[in-house]
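An overview of the molecular structure
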Amino acid sequence: MFKKWVRRVSLSTTTRGFVETSPTHDKPQDSYGGSVDVAGTTTSATAIKTKTVAEVDETGSSKVPSSRSSSYDNGIDYDALYEEEEEMDLSMEAHGSMITHLLSQVKIGMDLTKVVLPTFILERRSLLEMYADYFAHPDLFIKISELDDPRDRIVQVCRWYLSAYHAGRKSAVAKKPYNPILGEVFQCHWDIPGETQNEPEVKDGPVPWCRRDQLTFLAEQVSHHPPISAFYAEHYNKKITFTAHVWTKSKFLGLSIGVHNIGEGVVTLVDRSEEYIVTFPNGYGRSILTVPWIELGGSVEIKCPQTGYYANVEFLTKPFYGGKRNKVTAEIYSPNDKKPFVSIAGEWSGLMEAKWHDKNKTEVFVDVNRIPIFKKQVRPIVEQDEYESRRVWKEVTAGLKFNDIERATNAKFVVEQQQRDQAKVRKEYDLAWEHKHFKPVGDNWIYTKPLSQRMYLQEKEAKR
């Protein structure tokens, strides 16, 4: 009976993408993983009484229903839960006994992969959705492709990059996004001013229901151990794309938690065959015993191999005594120059100023509080596939929104138990997870259908 179920489940949508090869990164879902995979209390399957995203099949294993759930159910508008602003208050002092118990399990320098943290510190969205906030200012991103001077382009890449972090940190209080499950996907797009709305859809693009004049975004959790997220964005008409992968590695630092973001991103200007390679700063959760807050720290490099222009960026952590939070500096260099032609300084959460050395002039580089944040557009949960982020986590989100921590914890357990069950089946029958949208190339993860490749094939076909 069990063997028959395994063969059937390998073809079902619940375990979509299995192939008979050796297993890859897909250990059971029980880890911290950098974005903080968090469970609240020890829970058994019999304790799950609330309606959640999963059911239990005849073998006792949890699985996601094949039929689509409603965006509005049980009097709850699940779509609205993701659009409403997060509450700003979070005090660890109110949960003193739980935090004390947690600290008794860890040591300084310890890898937090197997540490279970409480549900109440969760932000109401997946880490994959948080990565979409790199494009909260899509106009700054697509403008890179519109500039003719390579010097202007490297400056615009830096302007977009330095403005890309504040939108993802909506509150001064540090909360942790959901740690994505293996195979989880998030899709969205942005409407850009000046759109004609009569452009054709990009059927072979990352978000096939979107038009050529919209910026589209697709993210996938490609590995659970180690936790690796891959994401891709493109604007078809502007011929600009961004692809990236991030491996989050976390450590306990005493009164704070450090998350090392390993990986890189690449801005590609398709028509110019030009790339801008960027790395990512580390994140730190400070004051974890009182009111936690987050800051960025570390060195980042932005470089264009084709033109030779490059930039060095420093995200500066706050000194123990005095000093300001969220400070950042950057210097941009021309090819083969040892002195920068412009230096940038300020706060990545506010005003940054540029000093042009060749002009002896200082001016506002960007003030993120004075430029509009473009709202990302996400299709309703009722239209989403079962592995899309908002559908996967909707019951956890509802529990957190209504401050029903038990409901959130139970719903989270069901999602993660499904992952454990599937990982167990894959291990027993030597099945490997098949990635949906990205593929590994060396140490990188590459989108399988980038715009440059699709355009090359279109041009090749047109010449026949």
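Residues numbered from 1 in each chain as written. Predicted model: local features only at pLDDT ≥ 70, side-chain atom pairs only at ≥ 80, totals over all residues. Heavy atoms only, no water.

A tally of helices and strands in the chain yields 10 helices and 23 strands. Look at the contacts in the chain between residues 6 or more apart in sequence, and 64% of them connect residues 24 or more apart. Put simply, the chain shows about 21,100 Å² of open surface, and 51% of that area lies on carbon and sulfur atoms. (Helix = DSSP H or I, 4+ residues; strand = E, 2+ residues; numbered from the N terminus. Contact = heavy atoms within 4.5 Å. Areas by Shrake-Rupley, 256 points an atom, 1.4 Å probe, with all protein chains shown as cover.)

On to the state of the cysteines. One pass over the structure, following the stated rule, counts zero disulfides. Between Cys-210, a free cysteine, and Cys-188, which holds the nearest cysteine sulfur, the sulfur-to-sulfur gap is 8.5 Å. (Disulfide = S-S within 2.5 Å.)

Looking now at the pairing of strand 20 (residues 361-367). As judged from the six bridges shared by strand 19 (residues 351-356) and strand 20, these two strands associate in the antiparallel manner. Considered in strand 20, the bridge of Leu-351 is made with Asp-367. The antiparallel hairpin formed by strand 19 and strand 20 contains four residues in its connecting segment, where Asn-360 sits at a positive phi of about 50 degrees. (Pairing = 2+ DSSP bridges.)

Describing two packed helices takes the angle between their axes plus the distance from one axis to the other. In contact at an axis separation of 7 Å, helix 8 (residues 394-401) and helix 9 (residues 405-428) are set at 165 degrees when each is read in the N-to-C sense. Between helix 8 and helix 9, the angle falls in the class roughly antiparallel. In this structure, helix 8 crosses over helix 9, and the sense of that crossing is left-handed. In contact with Glu-395, Val-396, Ala-398, Gly-399 and Leu-400 of helix 8, helix 9 contributes Ile-405, Arg-407, Ala-408, Ala-411 and Lys-412. Across the contact of helix 8 with helix 9, the residue classes break down as six nonpolar, one polar and three charged. (Axes fitted to C-alpha atoms, helices over the stretch in contact; angles between N-to-C directions. Parallel < 35°, antiparallel > 145°, perpendicular 65-115°, else oblique. Left-handed = near helix turned anticlockwise from the far one by under 90°. Nonpolar A, V, L, I, M, F, W, Y, C, P; charged D, E, K, R; others polar.)

Inspection of the secondary structure puts Arg-379 in the loop between strand 20 and helix 7 (389-392). With relative accessibility at 18%, the residue Arg-379 sits in the buried group. Among the polar contacts listed, one links the side chain of Arg-379 to the backbone oxygen of Glu-383, at a separation of 3.3 Å. What Arg-379 contacts, discounting residues up to four positions off in sequence, is Gln-187, Trp-209, Gln-384, Asp-385 and Glu-388. (Buried < 20%, exposed > 50% of the residue type's maximum accessible area, 1.4 Å probe, protein only. Polar contact = N/O pair within 3.5 Å; in protein donor to acceptor, adjacent residues only side chain to side chain.)

In an α-helix, one turn spans 3.6 residues; hence positions three or four apart end up facing the same way. The buried fraction of helix 8 amounts to seven of the eight residues, a majority that puts the element mostly inside the structure. Of all the residues in helix 8, the buried ones are Lys-394, Glu-395, Val-396, Thr-397, Ala-398, Gly-399 and Leu-400. Two residues or fewer past helix 8, Asn-403 is found with a positive phi of approximately 60 degrees.

In a regular helix each residue adds 1.5 Å, so 24 residues correspond to 34 Å; helix 9 covers 34 Å between its end C-alpha atoms and thus fits that length. Taken across its 24 residues, helix 9 has 17 buried, putting it largely inside the fold. At the C-terminal side of helix 9, Asp-430 shows a positive phi close to 55 degrees. (Expected span 1.5 Å × (residues − 1).)

Bringing the confidence of the model for the chain into the picture now. Chain-level statistics for the chain give a pLDDT mean of 80 and a share of 73% at 70 or above. With pLDDT under 50 throughout, residues 1-69 is counted as low confidence; its partners more than four residues away or in other chains account for 194 contacts. Ignoring residues within four places in sequence, the model shows residues 88-96, a span with pLDDT below 50, making 23 contacts including any to other chains. (pLDDT = per-residue confidence, 0-100.)

Before going further, it helps to examine unusual backbone geometry. Most peptide bonds take the trans form, and the phi angle of most residues other than glycine is negative. The step from His-225 to Pro-226 runs through a cis peptide bond, and the omega angle for that step is 0 degrees. Inspection of the secondary structure assignment puts Pro-226 in the loop between strand 9 (215-223) and strand 10 (228-235). For Ser-273, which is not glycine, the phi torsion reads 50 degrees and is therefore positive. For Ser-273, the location among the structural elements is in the loop between strand 12 (257-269) and strand 13 (274-278). Relative accessible area serves as the criterion here: at 56%, Ser-273 is assigned to the exposed category. Even without being glycine, Asn-336 reaches a positive phi, approximately 70 degrees. Along the polypeptide, Asn-336 turns up in the loop between strand 17 (327-333) and strand 18 (342-347).

This brings us to the pattern of salt bridges. Inspection of every chain in the model, using the stated rule, returns 21 salt bridges. Two residues, Glu-274 and Arg-153, come together in a salt bridge whose shortest N-O distance is 2.7 Å. Of this pair, Glu-274 sits in strand 13 while Arg-153 sits in helix 6 (residues 150-162), placing them 121 residues apart in sequence. Judged by relative accessible area, which is 4%, Glu-274 ranks as buried. The salt bridge involving Glu-234 is made with Arg-454; its shortest N-O contact spans 2.8 Å. Of this pair, Glu-234 sits in strand 10 while Arg-454 is found in helix 10 (residues 451-462), placing the two residues 220 residues apart along the sequence. Judged by its relative accessible area of 2%, Glu-234 is buried. Given the relative accessible area of 6%, Arg-454 is considered buried. Each of Glu-83, Glu-123, Arg-125, Glu-129, Asp-133, Lys-375, Lys-376 and Arg-390 takes part in salt bridges that share partners, so that together they form one network. (Salt bridge = Lys/Arg side-chain N within 4 Å of Asp/Glu carboxyl O.)

Take the environment of Tyr-178 next. Note that Tyr-178 resides in strand 7 (residues 176-178). When its relative accessible area of 0% is taken as the criterion, Tyr-178 is described as buried. On a C-alpha basis, the gap between Tyr-178 and Lys-412 in space is 9.4 Å, while along the polypeptide they are 234 residues apart.

Another aspect to go through is the packing of aromatic side chains. Enumeration according to the criterion identifies 25 aromatic pairs in this entry. Note that Arg-151 overlies the ring of Phe-341, its terminal NZ or CZ placed 4.2 Å from the centroid. Lying over the aromatic face of Tyr-78, Lys-394 brings its terminal NZ or CZ to 4.3 Å of the ring centre. (Phe/Tyr/Trp six-rings, centres within 6.5 Å; stacked < 30°, edge-to-face > 60°. Lys NZ or Arg CZ within 6 Å of the ring centre and 35° of its normal.)

Next up on the list: the environment of Lys-339. Structurally, Lys-339 can be placed in the loop between strand 17 and strand 18. On the basis of relative accessibility, which here comes to 69%, the residue Lys-339 falls in the exposed class. Distance in space between the C-alpha atoms of Lys-339 and His-357 is 9.3 Å, their sequence separation being 18 residues.

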